Amino acid sequence: MSRDFQESKMKVFSLSSNLPLAEEIADNMGVELGKSTVTTFSDGEVRISIEESVRGYDVFVIQSTSEPVNQHILELLIMIDTLKRASAKTINIFIPYYGYARQDRKARPREPITAKLVADLIQEAGASRVISLDLHAPQIQGFFNIPVDQLAGIPILASYLQEKQLEDVVVVSPDHGSVSRARQLADHLKAPIAIIDKRGPRETEVGESNIVGNIAGKTAVLVDDIVDTGTRMTSGTKALMAKGAKEVYACCTHPVLSGIAIDKINNSDLKELIVTNSIPIPEEKHLERITQLSVAPLMSDAITRVFEDRSVSPLFD
């Protein structure tokens, strides 16, 4: 790092969603996490206390809005309000996983746009800047009227896959909507792409899957931004193996892994699922075939650049 953060007017705080990642980021920067506590009143209301002065400081708050999503969003909003009332100079919010992002437009009548609602709440609470990782939809950046930087997880996933020296790789998009992400990974791996053309409901195994592209005898790498129920990855694996793929790997940035996702992965032919630590994986959900990579170096670099008024754009690729 190019300046002594211990002597600077900068503080890094963590809320309750991803303390291990926050500690790793602080350790990379050579700073201690700011002193704060998150508790609840007897009726469940969130209570946040900041136990050191932040007046005149550039403050960075790390909080993934993952399960329990509503609790973590409310913690974040209350923390922003607390910092604003404590006279922080800037309030920079790091959201490795941005929850409520999957409703980013009105796909059907009488539906909300929750990604915009959450953006409005964060902005109205008093945030100065938001930095996230692989937003579910790029247009979410435009839902804010404050600076928003979107970091990319694909280079981290690609670097790990390159180290494995897999042969005859083809990168596979689980549907037509994820083709752009598949192309990004394919560019890093210098590999062709294929697409699973599924007919039927998106998040069920019902329906017919056709493969667009040559995957016979190849090592297929499925890529998505989120693995939630695991259905798309496991049904995609089944379809690829049925069409002659040699083996199937899968990777994503955000391991939501809800419901029986772990059981589905464990009972599938998936060779390995590669994810980041944007969301912590509880001990009971750990599997040998799940590999979790750290985004802490990327995020600590981003904090440094924002604090030093340097460009963040070199980190986007």
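Residue positions are given per chain, counting from 1 as you read along its sequence in written order. Only residues with pLDDT of at least 70 get local features here, since the model is predicted, and only at 80 or more are side-chain atom pairs given and counted; chain-wide, interface and lining totals rely on the full set of residues. Side-chain descriptors were evaluated using all non-hydrogen atoms of the structure, hydrogens and water having been removed beforehand.

### A closer look at the side chain of Thr219
Step number 1: Relative to the helices and strands, Thr219 resides in strand E11 (residues 219-227).
Step number 2: Within the local environment of Thr219, its side chain forms a polar contact with the backbone oxygen of Glu167, the two atoms lying 3.1 Å apart.
Step number 3: Residue contacts are defined here by distance: any two heavy atoms, one from each residue, within 4.5 Å place the two residues in contact. Leaving out residues up to four positions away in the same chain, Thr219 has contacts with Leu166, Glu167, Asp168, Val169, Val170, Lys246, Glu247 and Tyr249. Working definition: helices are DSSP H or I runs of at least four residues, strands are E runs of at least two. Numbering for both runs from the N terminus. In protein, a polar contact requires one atom able to donate a hydrogen and another able to accept it; more generally it is a pair of N or O atoms within 3.5 Å, and residues adjacent in sequence count only if both atoms are side-chain atoms.

### Observations regarding the pairing of strand E8 (residues 169-173)
Step number 1: The element E8 is largely enclosed, with a buried count of 5 among its 5 residues.
Step number 2: Here E8 shows two buried faces, one formed by Val169, Val171 and Ser173 and the other by Val170 and Val172.
Step number 3: Two strands are said to pair when DSSP picks up at least two bridges between them. For E8 and E11, the ladder comprises 4 bridges, and the chain directions are parallel. For Val171, the partnering residue across the bridge sits in E11 and is Val221. Working definition: with a 1.4 Å probe on protein chains only, accessible area under 20% of the residue-type maximum means buried, over 50% means exposed, and in between means partly exposed.

### Quick word on helix H5 (residues 179-189)
Step number 1: Residues Val179, Arg181, Ala182, Leu185, Ala186 and Leu189 constitute the buried set of H5. Projected down its long axis, H5 shows its buried positions confined to an angular sector of 155°, all on one face. Seen from the buried face of H5, the exposed residues on the opposite side, beyond 90 degrees, are Ser180 and Asp187.
Step number 2: In the stretch just after H5, Lys190 is the one whose phi turns positive, near 55°. This arc is built from the directions going out from the helix axis to the C-beta atoms.

### A few points about the UniProt feature "binding site: D-ribose 5-phosphate" (unreviewed entry) in the protein chain
Step number 1: UniProt positions are given in the numbering used here, feature names are shortened, and annotations may be inferred rather than shown by experiment. According to UniProt, the feature "binding site: D-ribose 5-phosphate" (unreviewed entry) maps to Asp224 in the numbering used here.
Step number 2: Note that Asp224 resides in strand E11.
Step number 3: Not counting residues within four places of it along the chain, the set of residues in contact with Asp224 comprises Pro174, Ser178, Arg181, Arg232, Met233, Cys251, Cys252 and Thr253.
Step number 4: Only 3.5 Å separates the side chain of Asp224 from the side chain of Ser178, close enough to count as a polar contact.

### Re the pairing of strand E3 (residues 46-50)
Step number 1: Burial of the side chains of E3 is restricted to one face: Val46, Ile48 and Ile50 are buried, whereas none of Arg47 and Ser49 on the reverse face is.
Step number 2: The pairing of strand E2 (residues 36-40) with E3 spans 5 bridges and is classified as antiparallel. Each residue of the ladder has a partner; that of Thr39, found in E3, is Arg47.
Step number 3: Hairpin geometry of E2 and E3 is characterised by an intervening segment of 5 residues between the two adjacent antiparallel strands and by a positive phi of about 95° at Gly44.

### A closer look at helix H3 (residues 114-125)
One full turn of an α-helix is made of 3.6 residues, so residues set three or four places apart face in the same direction.
Step number 1: The span one expects for a helix is its residue count, reduced by one, times 1.5 Å. In this model H3 runs 16 Å from its N-terminal to its C-terminal C-alpha over 12 residues, within 8% of the 16 Å that 1.5 Å per residue would give.
Step number 2: Every buried residue of H3 is accounted for by Thr114, Ala115, Val118, Ala119, Ile122 and Ala125. In a view along the axis of H3, the buried residues occupy a sector of 145°, so they form one face of it.
Step number 3: In the core, the buried residues of H3 are packed alongside helix H2 (69-85), strand E5 (90-95) and strand E6 (129-133).
Step number 4: Positive phi shows up at Gly126, right after H3, with a value of about 125°.

### Comments concerning the domain arrangement of the protein chain
Step number 1: You can read the domains of the protein chain as domain 1 (2-151) and domain 2 (154-293).
Step number 2: Boundaries of every domain are those given by an automatic assignment or by a domain database. Centre-to-centre separation of domain 1 and domain 2, based on C-alpha positions: 29 Å.
Step number 3: Taken together, the contacts link 14 residues of domain 1 with 15 residues of domain 2.
Step number 4: Considering only the surface of domain 1 that becomes buried against domain 2, Tyr97, Asp134 and His136 emerge as the three largest contributors, covering 43% of it.
Step number 5: Here, a salt bridge means any side-chain nitrogen of Lys or Arg that lies within 4 Å of a carboxyl oxygen of Asp or Glu. If you look at where domain 1 meets domain 2, you find 1 salt bridge.
Step number 6: Residue Asp228 is joined to Arg102 by a salt bridge in which the shortest nitrogen-to-oxygen separation is 2.7 Å.
Step number 7: Put simply, domain 1 and domain 2 have 8 residue pairs in polar contact (both at pLDDT 80 or more) between them. What gets called buried area is simply the loss in accessible area from a 1.4 Å probe that two parts show on being joined, summed for both.

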